[in-house]
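# What the coordinates show
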Amino acid sequence: MQINVLAFGQIAEAMNGESFTFSNINTTNDLIDYLMQQYASLKTLDYKIAVNKQIIHSNMPLNNHDTVALLPPFSGG
Amino acid sequence: MNNHLYDRYQRQILLKEFGTEAQAKLFNAKVLVIGAGGLGCPALQYLAAAGVGTIGIVDFDLIELSNLQRQTLYNTNDIGKHKTTVSAERINAFNPSIHIQTHTIQLNNTNAYNLIYNYDIVIDGTDNFSTKYLINDVCTILQKPLIYGAILRFEGQVSVFNLPNKQNICTNYRDLFATPPLPNNVPTCNEAGVIGVLPGIIGTMQAAEAIKIITNIGEPLCNKILSYNVLNNKSYLFDILPITHHSNNFPTTKTEIENFNYDWHCGLNDTVTEIEFYEFEELRKNEEIKIIDVREEGEIPKVEAFSCINIPLSNFVNKIQNIELTNRVVVFCQHGKRSIKAAQILKAKYNHLNIVSLKGGIVEWEKQFNDSIY
């Protein structure tokens, strides 16, 4: 099973890229745990998670080929 | 509509979705643009050009050299003048047939409600979370459509809050980010930079959303947030659903807004003591204090009335490694927000020292200083 991950703003900077594919990840919580292990600086960043474009606020199961996007808040004007 | 006005708007009246009816709707609309900076400048230009009948402009800042790279209503001769005055002058020249109201004030929890109340639509062109959450909460209480915009480095975000879709679903910023991030977790454009054309694009999109909402054409970005990247031209639309049970407290009435501390809510003065003008003056007279200006190079007003050292916040952490501090420290910036961040950083390193931040920043200090000598 494969999951696509898109990163924006500070998250893309912390992950050093904008688009990733990961396998063997079953829920959004698993994904976040995995990403925090891989990219330590994510721990101090804020972001919202979207599964197939829908913003979610709690853990969600993931299916093959789902796209998870990580959107940080911006304040610049 | 007289011939002169018809000629002015002829290209958009020609559109079959538009016509004279939409033009009349624009003329009757009242749009408030909060922040006449990177996002506000292009938004103001296009709203005025399109013929929005009443445009309000809120800003309390002065034009600086570092603004000109992206705030395209201003030119080099305008440095030091109020953004409200100059932007009103410019858009009045674009279109003298519209009514422009300037509000040269710092939007806060006591004035926001009554100001926003008088307009139909609000465009958020502000540059900090305290004000963004304040505007969001006021617009949500008043059920005013709010066109949100935010930028950083090469990416921008646009959304429309408090506008119900056909299914009557309506969301706002708190349905996306229910609580503000910690202040050190999100850099500002002052620290991380921004490419000049980006606010031009995002601010223009905000104007387009306002025109669509007023004239009832197309699909406004309600319940969606658009993320746009200028480097690769990629955009991504997120869907937002209402959060039905908020676990956090935030104001839901006018009175609650007036009693709410947005700076504290956004973690800005968690641990830092802020001093007022007169306290600062007392300290300057009576103590050997170290005064640090944390603004970036070239920001105005320049300080001549007292001596201070300049350590820009963008490189603060590195620069303070080599500095010896023994006395009480007062940090200041333009308006007193960045200096709180700087004070927090200093406190983490010199926890034995008394570190305070000048409330309202150098702009407020200068105002009170001038008042005190005349």
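In short, a report on the structure. Quick caveat, the model's predicted, so the values are computed rather than measured.

## With respect to the sheet that holds strand E10 (residues 290-293) of chain B
Residue and element names in this part refer to chain B. Read from one edge to the other, the open sheet built from five strands follows the order E9-E13-E12-E10-E11, with strand pairing classed as parallel. Strand pairing shows two members of the sheet lacking a second neighbour, strand E9 (273-275) and strand E11 (309-310), which therefore form its edges. Where helix H11 (residues 277-286) meets the sheet, its contacts fall on E9, E10, strand E12 (329-332) and strand E13 (355-358), and the angle it forms with E9 comes to roughly 85°.

## Observations regarding the pairing of strand E7 (residues 224-229) of chain B
All names here are of chain B. The buried count for E7 comes to five of six residues, which makes it a mostly enclosed element. As paired elements, E7 and strand E8 (residues 235-239) share five bridges and run antiparallel to each other. Its bridge partner lying in E8, Leu226 is registered against Leu237. Hairpin connection of E7 to E8: five residues between the antiparallel strands, including Asn233 at a positive phi of 60°.

## Here's the deal with H11(B)
Residues and elements named next belong to chain B. Residues Phe277, Phe280, Glu281 and Leu283 constitute the buried set of H11. Taken around the axis of H11, the buried residues stretch over an arc of 160°, which confines them to a single face. Set apart from the buried face of H11 by more than 90 degrees, the exposed residues are Tyr278, Lys285 and Asn286. The inward-facing, buried residues of H11 abut E9, E10, E12, E13 and helix H14 (361-373).

## Topic: the nonpolar core
Across soluble globular proteins, nonpolar side chains have a tendency to be buried as a group. Core analysis: the biggest nonpolar cluster contains 86 residues, and B:Leu47, B:Ile55, B:Ile116 and B:Phe238 have the highest contact counts within it. Sequence-distant contacts of B:Ile116, defined by excluding residues within four places in its chain, comprise B:Leu32, B:Ile34, B:Val122, B:Ile135, B:Val138, B:Cys139, B:Leu142 and B:Lys144. Ranked by size, the runner-up nonpolar core spans 23 residues in total, among them A:Val51, A:Ile56, A:Leu62 and A:Val68.

Rules of the game
Residues numbered from 1 in each chain as written. Chains lettered and ligands numbered in written order. Predicted model: local features only at pLDDT ≥ 70, side-chain atom pairs only at ≥ 80, totals over all residues. Heavy atoms only, no water. Pairing = 2+ DSSP bridges. Helix = DSSP H or I, 4+ residues; strand = E, 2+ residues; numbered from the N terminus. Contact = heavy atoms within 4.5 Å. Axes fitted to C-alpha atoms, helices over the stretch in contact; angles between N-to-C directions. Buried < 20%, exposed > 50% of the residue type's maximum accessible area, 1.4 Å probe, protein only. Arc of directions from axis to C-beta. Core = buried A, V, L, I, M, F, W, Y, C linked by side-chain atoms within 4.5 Å.

Interpretation note: all reported values are geometric properties and have no functional meaning in isolation.
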